[in-house]
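Here is what each chain is made of, one letter per residue.
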Number of protein chains: 2
Amino acid sequence: MTIKQVAEQAGVSTASVSYVLSGRSGSPDGNGGVAKATAERIREVAGRLGYSPDRAARKIRTGRTETILLSLTMLSDPWALGVIEAVQRRAMPLGITPMILADADWASVLRGHDADAVFIDAASPGKQPELEAFAGQGKRLVVFQEELPAAGFDVIRSLAGPGCVLAMQHLLGKHREIAILTTERSRNNSDPARFQPYVDGLAAAGIPLRNNFIATFDRSPASAYAAAMRLLDRADRPSAIYATTDFAAMSAVNAAQRLGLRIGTDLDVVGVGNTEEGERMAPSLTSVGPEGFFDAVAELLVRRAQGDDSPARVIDFPWKIFVRESAP
Amino acid sequence: MTIKQVAEQAGVSTASVSYVLSGRSGSPDGNGGVAKATAERIREVAGRLGYSPDRAARKIRTGRTETILLSLTMLSDPWALGVIEAVQRRAMPLGITPMILADADWASVLRGHDADAVFIDAASPGKQPELEAFAGQGKRLVVFQEELPAAGFDVIRSLAGPGCVLAMQHLLGKHREIAILTTERSRNNSDPARFQPYVDGLAAAGIPLRNNFIATFDRSPASAYAAAMRLLDRADRPSAIYATTDFAAMSAVNAAQRLGLRIGTDLDVVGVGNTEEGERMAPSLTSVGPEGFFDAVAELLVRRAQGDDSPARVIDFPWKIFVRESAP
DNA sequence: CTGTTAGCGCGTTCAC
DNA sequence: GTGAACGCGCTAACAG
């Protein structure tokens, strides 16, 4: 089905078909200077033949793909679902399709695939040159990262640092045996916002750092569960766990329950991210997080996808603590 | 960065650049009849300029996008993650990028976006004409569905029916108060494979069907959780729950635990799908499911994406029951 | 006001 | 190793 076949069937030129179906240019009736009757006939034929323009061909001329790419590292994380859902809701009504790239190397994919806007949820600060290069090629990026400047691409961040301080303060009000469940990356301080508050919080309370109270996991729920088990399945287990993501906190709760520990009594757990899933689980999860974050991401992406050319910005979100059953 | 700029810089024609960089056609050295030295120079220039071909332009000529589209209805379902992970693993090494379409109307997206192969995880039988139309346009579809014939598109199914019979038999060995947690769609018998075994199983055991032992949920985990609560939070609660997905079963376990019920003692829960998450949760989930399913899906998709033109097939997977703690 | 002609953009590939 | 046509849709310029 090409535009040419539609034009033939309708007895007009391809130009007329294009004008009518893309609704661009010319008169405000949306027919681009084509008589109403003709426009109607064209639409009828296009409908009958099931024609719809080849996006690739269109892209070559217009530079637009009507697409937003979401590069998400950990799809199993409710955080990712939050992003997807918000973007979906905002973009679909405008005819923009959100495509998800799971846990892949965004750099290599971005090289070839062109979306009108791209969201990247995990870029180490070292990738800044690469990101700048893409931005220089005219790709519109929105990067979720806590340390990068807005060097040609938007940076959206949510100040996890102060938020995590709140989480630790909450636990320190009742506990001294506090373990941390975090990612390897975080632990190496390539992402200090979530790890440092643990160290500083203990130090401020005069509690020494214990190596066997530090457990790390990689991106799979399985490994978070195993890491939590390592912390809990022994005599000198901690009385509280500070988990650097909600999903890890949920795994910790599962592990604790498996061991017969009562959450909120034998063990307090605090997560980071304040996801809906955490709020809903039993027991509900105490967590720190931003408010309105997903909608802001969606809003920004859609604006950029529609060609907003204003200077790149850094957008911050304040965090607060949501106290629930897992750490009363 | 276009092919023309690379050609200029290297002092050759665009044809030579294309031959070298796409590695197609002609001589087996992969240079398409371009001298080694020239090929080297071209590669060097392309690398220096950071060139990479525009996929849209390439698609217009070759008809290939090097892309597989996965239309997945419920990303939060571990089942979806299983599909993604398997396809990722199989496709990436071949330079094929899997793109995910979350919970969207595949029909409208498919109209415009062209992937080399498309996986659709939820198509009601009524959509057959639409699917056939797409297949007729040369789109390669793989549909996960239990009733459709292979009408121009591949159908992969896993005989949930017999599997669910196993699940019910397992519960009927110990219980008479068995509730079902299922989707609205399933209940209307638009997907009888998972619902009918419940009805038939009870009938065969001479147990009357009770309307208040039937609870339905839609695609969100929240609603599965709420549905489970409706079943459990009352005096005449069932002693076992047959959930038509693993993710619903997990929600039921959470709900039961919140109510203080002991899983495997006060309440048995069986899921459908046999997901890794279910296996890992505490208590581990008894479930029925196929073996090797994800890899088969990935294998088929990749073959189709690479142009396999053999007749469309229906592929079946036998199911078995995996007995674990949630229903010993 | 209605419609067409023709060239563009980019990578591929046939014929020389 | 190259020239040039090709595929598809968009749109400026032009003609009735």
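Rules behind the numbers
Residues numbered from 1 in each chain as written. Chains lettered and ligands numbered in written order. Predicted model: local features only at pLDDT ≥ 70, side-chain atom pairs only at ≥ 80, totals over all residues. Heavy atoms only, no water. Least-squares fit on C-alpha atoms with pLDDT ≥ 70 in both. Contact = heavy atoms within 4.5 Å. Buried < 20%, exposed > 50% of the residue type's maximum accessible area, 1.4 Å probe, protein only. Helix = DSSP H or I, 4+ residues; strand = E, 2+ residues; numbered from the N terminus. Pairing = 2+ DSSP bridges. Axes fitted to C-alpha atoms, helices over the stretch in contact; angles between N-to-C directions. Parallel < 35°, antiparallel > 145°, perpendicular 65-115°, else oblique. Nonpolar A, V, L, I, M, F, W, Y, C, P; charged D, E, K, R; others polar. Buried area = accessible area lost by both parts, 1.4 Å probe. Salt bridge = Lys/Arg side-chain N within 4 Å of Asp/Glu carboxyl O. Polar contact = N/O pair within 3.5 Å; in protein donor to acceptor, adjacent residues only side chain to side chain. Phe/Tyr/Trp six-rings, centres within 6.5 Å; stacked < 30°, edge-to-face > 60°. Lys NZ or Arg CZ within 6 Å of the ring centre and 35° of its normal.

- As recorded in an unreviewed UniProt entry, chain A goes by the name LacI family transcriptional regulator, listed as coming from Arthrobacter russicus.

**Considering the relation of the copies chain B and chain A**
Item 1. With an RMSD of 0.2 Å, the operation that places chain B on chain A is a rotation of 180 degrees combined with a shift of 0.1 Å along the axis. What the superposition gives is, in effect, a two-fold axis relating one chain to the other.
Item 2. Both copies contact each other with a shared surface, as 93% of the interface residues of chain B are interface residues in chain A too.

**Side note on the pairing of strand 6 (residues 178-183) of chain B**
All names here are of chain B.
Item 1. The buried count for strand 6 comes to five of six residues, which makes it a mostly enclosed element.
Item 2. Pairing between strand 6 and strand 8 (residues 240-243): four bridges, direction parallel. Bridge pairing in strand 8 links Ala179 to Ile241.
Item 3. Sheet topology note: the strand 6/strand 7 (residues 214-217) ladder contains four bridges and is parallel.

**Topic: the packing of helix 2 (residues 14-22) of chain A against helix 3 (residues 36-49) of chain A**
Residues and elements named next belong to chain A.
Item 1. Closest axis-to-axis distance for the helix 2/helix 3 pair is 10 Å, and the angle between their directions is 85 degrees. Between helix 2 and helix 3, the interaxial angle falls into the category roughly perpendicular. Here Ser16, Val17, Val20 and Leu21 of helix 2 lie close against helix 3, whose contacting residues are Ala39, Ile42, Arg43 and Ala46.
Item 2. Across the contact of helix 2 with helix 3, the residue classes tally to six nonpolar, one polar and one charged.

**Topic: the interface of chain B and chain A**
Item 1. Contact residues are listed per partner, giving 42 residues for chain B and 40 residues for chain A.
Item 2. Counting the surface lost from both chain B and chain A, the interface buries some 3,400 Å², and carbon and sulfur atoms represent 61% of this.
Item 3. Three residues stand out in chain B for area buried against chain A, namely His113(B), Arg258(B) and Arg280(B), and they jointly supply 17% of the buried area on that side.
Item 4. Where chain B packs against chain A, one counts four salt bridges.
Item 5. Of the charged contacts, one joins Lys59(B) and Asp54(A) as a salt bridge, the two residues approaching to 3.0 Å between their closest N and O atoms.
Item 6. Seen at the junction of chain B and chain A, the total is nine residue pairs in polar contact (both at pLDDT 80 or more).
Item 7. If you tally residues by element for the side of chain B that touches chain A, the top one is strand 2 (residues 97-102) of chain B, at six residues.
Item 8. Split into classes, the residues belonging to the side of chain B that touches chain A amount to 21 nonpolar, 12 polar and nine charged.

**Topic: the packing of aromatic side chains**
Item 1. The full count for this structure, using the stated rule, is 22 aromatic pairs over all chains.
Item 2. Ring geometry for Phe217(B) and Phe247(B): centres 5.8 Å apart, planes at 85 degrees, overall edge-to-face. Placement of the pair is Phe217(B) in strand 7 and Phe247(B) in helix 12 (residues 246-258), with a sequence separation of 30 residues. You'll find Phe217(B) and Phe247(B) in the same group, each marked buried.
Item 3. In this structure, Arg210(A) is placed above the aromatic ring of Phe213(A), and the distance from its NZ or CZ to the ring centre is 3.8 Å.

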